[in-house]
Amino acid sequence: MRRLPALAATLLAGLATSASFAQGVAYVSSEKDNALTIVDMKTLAVTGTIKTCKKPRHLMLTPDGKSLMVSCTDSNGADIIDLATRKSQRLLPLGDEPEAYDLSPDGKTVYVSNEDAGEVSFVDFASGKITKTIPVGKEPEGVKASPDGKTVWVTSEVASLVHVIDTASGQVLKNVKVGKRPRRFALTPDGSQLWVTNELAASVTVLSTKDYSVIDTLAFKVKGARASDITPVGVTMTKDGKRAFVALGNANHVAFVDVASRKVTDLVLVGKRAWNVTLDKAEQRLVVTNGLSDDITVVDVAGAKAVKSVAVGRVPYMTLIVE
C-alpha cells in the first residue's frame, strides 16, 4: 500500500479531528444587543443573529427540543424561538426581573428566580400563568430542579444561602449556608452531590443532597491573579460525573476539576470575565462565554487548551449548543 507523504498525512489527521468536532450550532445571548448570536460549531464562524427581547440571559431548550427559551430580564419573560424558522413564537411571562430558571423534569413548570423581588416563581409552561411565588433571600440567582421533580434549589447572592424548596407545597424546607455570593449549580449524575459556585469566595461548596451537610469546599487559585479576581460563576459536569468545569470570572480562566478528588487538574486561559460554560454533546469541546471581551472561547477538552475565540455580541451571558 502506498504511504502518504508525512505532511499530507498530518493534514488529513487534522481534518479528521476537525470533522469529529463538527457538530451543531451555538446560540449566544448578548445582554446589550437584545439578540442571540449564531455560531457554526464546525467552522467556528458567526453565521447570523436573532433579535429577541430585552437583556437576554439564560438559555434552555423547550421540552420537545424544537424551540429555544431565552429569559429576558428587562422584558419580564422568556422569548420562545422556533429553531426551524428562528422566529419568535411567544413571550412566556416569568415575573419581575427574571434571571435564571430551570424546567421541571416533565417540562410543565418553569422555576425562575426573580432577582429584584427576592422571590422564586413557579410558571405553568403551557399557559404562562404564575402558579406560586415563594419569598427567598435577596437577589436569588441560580435555579436547579432535582431529577425526581420533588425539589428545586435556588441560590441567594446577598444571603449566601441555598434554599431547598419542596415543589409540591412551595415551602422552603431548608436554608443552607454556603460561600459568599453563591451563583450556579451542578449536580453529580448520581444525584448525591450539589456543587455551588461562590463568586466572592473564590470557591465551590460541595453539598450532600441527603442532609445538605457540607462535604467539601474547593478553593481556587490562579497564578498572577488576585484572590478578589477569582470569581467563579458557571459550572458544568461531564455525563459520567468524573470532571467538572468552572468559569473563574475576572481571573479569565476556566478550571478543570477532578470530581472524585476535588482537585484542579488544569487551568485554561480564556477571555475576559469567563462567565458561563457549556459542553458539546460529545464532550470534546467546552465553550466559555466571556462577558467583558465580547466573545466565546472554544476549548479542546482532551488537550485542555483554547482552540479559538469568536467575537459575538456585546456582553455575552450564556451559550447553548444545539446538535
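Located above this text is the structure these notes cover.
Being a predicted model, the structure only gives us computed values, none of them experimental.

A. Fine view of the overall build of the protein. Helices and strands together make up the secondary structure of the protein, namely one helix and 28 strands. Against the globule reference of 20 Å for 323 residues, the protein gives a C-alpha radius of gyration of 20 Å, in line with a compact fold. Judged by the C-alpha coordinates and their principal axes, the protein covers about 70 × 45 × 35 Å. Each of the 323 residues in the protein was classed as buried or not, and the buried ones make up 55%. For the protein, the share of sequence-separated contacts (at least 6 apart) that also reach a separation of at least 24 residues comes to 38%. As displayed, the protein offers around 14,300 Å² of accessible surface, 51% of which is attributable to carbon and sulfur atoms.

B. Spotlight on the layout of surface pockets. By volume, the largest pocket is sized at about 1,500 Å³. Along its surface, the largest pocket is lined by 44 residues, and Met60, Lys144, Thr236, Met237 and Thr278 are the ones closest to its centre. Counting only elements with at least two residues in the lining of the largest pocket, the list comes to strand S4 (56–61), strand S8 (98–103), strand S12 (140–145), strand S16 (182–187), strand S20 (235–237), strand S24 (274–279), strand S25 (285–290) and strand S28 (316–322). Tallied by class, residues from the lining of the largest pocket come to 23 nonpolar, 13 polar and eight charged.

C. The sheet that holds strand S6 (residues 77–82), seen in detail. The four strands are arranged S4-S5-S6-S7 in an open sheet whose pairing can be described as antiparallel. Looking along the sheet, the strands with just one partner apiece sit at the ends: S4 and strand S7 (87–93). Each strand of the sheet is rotated relative to its neighbour by a mean of 25°, with strand direction disregarded. Alignment of strand S5 (residues 67–72) against S6, held across six bridges, turns out to be antiparallel. Directly across from cysteine 72, in S6, lies its bridge partner glycine 77.

D. Up close: the side chain of aspartate 300. Here aspartate 300 is to be found in strand S26 (residues 295–300). Looking at aspartate 300, its side chain comes within polar contact range of the main-chain nitrogen of alanine 302, at 3.5 Å. A distance of 3.2 Å separates a polar atom in the side chain of aspartate 300 from the backbone nitrogen of glycine 303.

E. Region of the structure containing the pattern of salt bridges. Scanning the entire structure with this criterion turns up 13 salt bridges. Here glutamate 157 makes a salt bridge to arginine 181, at a shortest N to O gap of 2.7 Å. Placement of the pair is glutamate 157 in the loop between strand S13 (151–156) and strand S14 (161–166) and arginine 181 in the loop between strand S15 (172–177) and S16, with a sequence separation of 24 residues.

F. Layout of the side chain of serine 104. Take serine 104: it is sitting in the loop between S8 and strand S9 (109–114). The buried category is assigned to serine 104, whose relative accessible area is 7%. From its side chain, serine 104 meets the backbone nitrogen of lysine 108 in a polar contact 3.3 Å long. Among residues more than four places away in sequence, those in contact with serine 104 are Thr109 and Tyr111.

G. The arrangement of the pairing of S7 in detail. Bridge count between S6 and S7: six bridges; the pairing is antiparallel. Residue pairing across strands places aspartate 82 opposite lysine 87, the latter belonging to S7. The loop that links S6 with its antiparallel partner S7 comprises four residues; one of these, arginine 86, has a positive phi angle of about 60°.

H. Structural context of the environment of valine 39. Here valine 39 is to be found in strand S2 (residues 35–40). Judged by relative accessible area, valine 39 falls into the buried class, the value being 1%. Note: C-alpha distance between valine 39 and valine 25 (14 residues apart in sequence) is 5.7 Å. With residues up to four places along the chain from it excluded, the contact list for valine 39 reads Gly24, Val25, Ala26, Leu44, Ala45, Val46, Ile296, Val310 and Val312.

Rules behind the numbers
Residues numbered from 1 in each chain as written. Predicted model: local features only at pLDDT ≥ 70, side-chain atom pairs only at ≥ 80, totals over all residues. Heavy atoms only, no water. Helix = DSSP H or I, 4+ residues; strand = E, 2+ residues; numbered from the N terminus. Rg over C-alpha atoms; globule rule 2.2 N^0.38 Å. Buried < 20%, exposed > 50% of the residue type's maximum accessible area, 1.4 Å probe, protein only. Contact = heavy atoms within 4.5 Å. Areas by Shrake-Rupley, 256 points an atom, 1.4 Å probe, with all protein chains shown as cover. 1 Å grid on protein atoms, 1.4 Å probe; cavity = no way out; pocket = protein on both sides within 12 Å on 5 of 7 lines; lining within 4 Å. Points joined across faces, edges and corners; volume = space filled by probe spheres on them. Nonpolar A, V, L, I, M, F, W, Y, C, P; charged D, E, K, R; others polar. Pairing = 2+ DSSP bridges. Axes fitted to C-alpha atoms, helices over the stretch in contact; angles between N-to-C directions. Polar contact = N/O pair within 3.5 Å; in protein donor to acceptor, adjacent residues only side chain to side chain. Salt bridge = Lys/Arg side-chain N within 4 Å of Asp/Glu carboxyl O.

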